[in-house]
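# Descriptive structure summary
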Amino acid sequence: MSGKRIGDEADIGSAASSHRHGDNEPYVHKVGVPPKQSLFQEFKFMFKETFFHDDPLRPFKDQTMSRKLVLGVQAIFPILDWGRRYKLHMFKGDLIAGLTIASLCIPQDIAYAKLANLAPQFGLYTSFVPPLIYAIMGSSRDIAIGPVAVVSLLLGSMLQDEIDPKNKVAYQRLAFTATFFAGVTQFTLGFFRLGFLIEFLSHAAIIGFMAGAAVTISLQQLKGLLGVKTFTKKTDIVSVMRSVFTNAHHGWNWETIVIGVTFLVALLIAKYIGKRNKKLFWIPAIAPLISVIISTLCVYLTHAEKKGVAIVRHIDRGINPPSLDQIHFSGSYVGTGFRIGAIAGLVALTEAVAIGRTFAAMKDYHLDGNKEMVALGTMNVIGSMTSCYVATGSFSRSAVNFMAGCNTAVSNIVMSCVVLLTLEVITPLFKYTPNAILASIIISAVMGLFDYEAMILIWKIDKFDFVACMGAFFGVVFVSVEIGLLIAVAISFAKILLQVTRPRTAVLGKIPRTTVYRNIQQYPEATTVPGMLILRIDSAIYFSNSNYIRERSMRLLNDEEERLKDSKQRVHYLVLEFSPVTDIDTSGIHALEDLHKALKKRDIQLVLANPGRTVLDKLHASKFANRLGEENVFLTVADAVAILSPKMEP
């Protein structure tokens with residue numbers, strides 16, 4: 001097929017974007033200089049799209065000052081908005097949901113506090129005050145607030161590296177300090193609308209990190225499940241398994257193993273029943289509490305604690321004591337508390353926002369991530385002053401809350417009231433609760449974090465994502481939680497850098513009987529235009545990739561000329577399809593200039609097709625558009641082919 005034929009076909013087919021003046025001369029729309037925007041307009045647009053992309057101020061538009069004030073207060077305290085519309089019939093669903101998640105959270109809270117190396121009551125404290133604060137300031141209707149396994153483990157492992165948990169007072173002070181700074185970090189990110197920063201942790205890395213944390217948490221519970229008295233403080237699988245088998249001959253307690261394994265099997269069966277039949281969601285929800293009651297009763301009646309079965313023994317009675325005076329605001333532990341708190345706060349934030357958005361999508365309502373961060377941050381700051389450690393949204397409890405029919409955050413208030421009742425009245429009854437049942441509850445709870453189906457899907461979709469997933473997983477399992485998190489972040493950034501620095505470049509061909517030009521690898525039937533090499537750059541052109549794009553373009557040109565060497569044809573035009581190029585910087589323009597000069601030496605003309613307004617602005621500002629020539633900038637590839645094909649030598 002000759003270049004003339006392709007050009008004529010393009011003339012006929014491109015009527016949507018061009019028309020003829022004469023029989024042989026096609027007319028194409030001229031790509032002129034775009035209207036110039038002021039520096040202020042450009043900055044305003046960039047600022048809005050960076051920090052206010054979801055247009056949170058839209059409700060304030062065209063409102064009176066008094067109405068704006070009311071809307072502003074409601075934005076800070078959403079309960080004042082939905083509370084006005086709250087109906088009595090909605091309370092039934094919230095009451096049932098609140099009681100259901102309370103039955104789940106009480107045994108989990110006691111168990112999770114042990115993960116953080118804190119006394120059991122601190123877990124209950126964390127499910128009393130923070131949910132009340134969130135109910136006032138949070139905007140999710142479904143999220144259930146309290147301590148969670150991953151954050152508890154992360155906090156506990158980092159805190160024990162600084163202070164021995166046996167030094168209870170100093171350890172608790174650092175825990176409250178870390179919680180305070182976790183809240184400050186979350187609040188700051190939300191207030192300054194920097195929520196997009198947590199999105200740098202890819203979904204694949206989070207899946208791997210959570211799965212690794214599930215394995216690590218489960219291995220940690222072997223101490224309670226087997227009745228081992230001396231156990232390693234390290235979290236890696238090698239150290240844990242060495243500690244387990246070192247104590248196999250004299251450290252295991254068979255009564256503890258019977259209690260732990262029996263109730264673990266019962267809990268897993270309950271979870272299986274709830275998963276198979278969604279209407280029976282309440283069975284796995286109340287199973288932990290029933291297990292605690294039965295196991296506690298068994299230990300009390302048989303005096304199993306005298307036979308080596310470890311029990312809780314004591315939980316402080318009463319509501320949260322104030323702890324503001326215990327937070328480090330000066331001294332050597334301030335920096336340590338900030339580091340630990342910032343890491344724990346970011347992990348907690350990632351989990352809570354992901355959970356909130358999941359259920360918001362299911363119920364079709366909008367969730368402002370930055371407002372959620374402010375609510376979570378405030379919740380943890382106040383929590384740190386009331387003897388709580390880092391709280392966030394729990395996926396298992398939120399799922400139960402959703403399935404139990406919650407309508408609003410009132411379910412969190414109901415849960416807090418039940419926890420209050422527990423703290424005031426019921427805590428002495430947990431004296432004979434065996435540690436083995438707490439270990440069983442934790443293992444059954446975290447098994448859902450190991451999402452092997454998601455891992456398989458990641459492998460099928462994106463192999464690099466799978467590397468990120470496995471890197472985070474093995475980092476947590478074989479080294480530590482912190483290293484696993486660091487690997488997850490590092491691989492996520494590496495993927496971004498790789499995609500930015502090595503963008504895809506496609507050779508385009510014409511789809512038969514159309515004027516559409518597409519990737520010839522995606523569409524093998526597409527035909528290239530003789531005398532032209534048409535390339536599409538699938539990225540903005542920045543300093544990080546400009547040299548690669550120039551070199552890649554020259555390499556593809558050399559390949560094309562090599563292919564044409566025996567056919568006595570040559571390339572006359574290199575057409576760059578700029579539709580995907582959203583921006584270009586000075587390095588990118590210099591790379592285009594170098595490419596233009598190199599092509600001129602080889603008697604090849606550089607042509608641009610469909611550059612965007614931002615790109616075109618910068619090309620004109622740098623005078624490169626003038627050096628290239630307006631006649632070499634086209635609205636579409638089809639227009640470029642239509643005009644340039646007749647000019648090529650036969």
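Conventions and cut-offs
Residues numbered from 1 in each chain as written. Predicted model: local features only at pLDDT ≥ 70, side-chain atom pairs only at ≥ 80, totals over all residues. Heavy atoms only, no water. Pairing = 2+ DSSP bridges. Helix = DSSP H or I, 4+ residues; strand = E, 2+ residues; numbered from the N terminus. Contact = heavy atoms within 4.5 Å. Axes fitted to C-alpha atoms, helices over the stretch in contact; angles between N-to-C directions. pLDDT = per-residue confidence, 0-100. Phe/Tyr/Trp six-rings, centres within 6.5 Å; stacked < 30°, edge-to-face > 60°. Buried < 20%, exposed > 50% of the residue type's maximum accessible area, 1.4 Å probe, protein only. Lys NZ or Arg CZ within 6 Å of the ring centre and 35° of its normal. Parallel < 35°, antiparallel > 145°, perpendicular 65-115°, else oblique. Left-handed = near helix turned anticlockwise from the far one by under 90°. Nonpolar A, V, L, I, M, F, W, Y, C, P; charged D, E, K, R; others polar.

## So, the sheet that holds strand 7 (residues 532–537)
- Ordered by their spatial adjacency, six strands build an open sheet running 6-5-7-8-9-10, and the pairing between neighbours is mixed. Looking along the sheet, the strands with just one partner apiece sit at the ends: strand 6 (517–519) and strand 10 (633–634).
- Inspection of the sheet shows strand 7 paired to strand 8 (residues 573–577) by five bridges, in the parallel sense. In the strand pairing of strand 8, R536 is matched with E577.
- Of the strands in this sheet, strand 5 (505–510), strand 7 and strand 8 touch helix 23 (residues 546–564), which is tilted by about 150° from strand 7.

## Considering the confidence of the model for the chain
- Averaged over all residues, the pLDDT of the chain is 90; the fraction at 70 or higher stands at 96%.
- Across residues 1–23 the pLDDT falls below 50, and counting only partners more than four positions away or on other chains, this stretch makes 42 contacts in the model.

## Quick word on unusual backbone geometry
- A positive phi angle is found at D364, which is not glycine, with a value near 60°.
- Within the fold, D364 resides in the loop between helix 15 (333–363) and helix 16 (369–384).
- Non-glycine residue S387 carries a positive phi angle of around 60°.
- Position of S387 relative to the elements: it lies in the loop between helix 16 and strand 4 (392–393).

## Focus on the packing of aromatic side chains
- All told, the structure shown has 19 aromatic pairs when counted by the stated rule.
- Seen in terms of ring centroids, F450 and F473 are 5.8 Å apart; in terms of plane orientation they differ by 80°. Their pairing is edge-to-face. Taken together, the positions of F450 in the loop between helix 19 (435–446) and helix 20 (452–461) and F473 in helix 21 (residues 463–478) put the pair 23 residues apart, joining distant regions of the chain.
- Taking relative accessible area as the criterion, F450 reaches 33% and is therefore assigned partly exposed.
- For F473, a relative accessible area of 12% puts it in the buried group.
- Following the ring pairs from residue to residue traces out a cluster consisting of F43, F47, F51, F52 and F196.
- The ring centre of Y365 lies 4.1 Å from the NZ or CZ of R141, which sits over that ring.

## Brief notes about the packing of helix 7 (residues 129–137) against helix 16
- Where helix 7 meets helix 16, the axes come as close as 9 Å, and the angle between the chain directions of the two elements is 150°. With respect to helix 16, the element helix 7 is oriented roughly antiparallel. Here the hand of the crossing between helix 7 and helix 16 comes out right-handed. Facing V129, P130, I133, Y134 and M137 of helix 7, the residues of helix 16 in contact are E372, V374, A375, L376, T378, M379 and I382.
- Grouping the amino acids of the contact of helix 7 with helix 16 by side-chain chemistry returns ten nonpolar, one polar and one charged.

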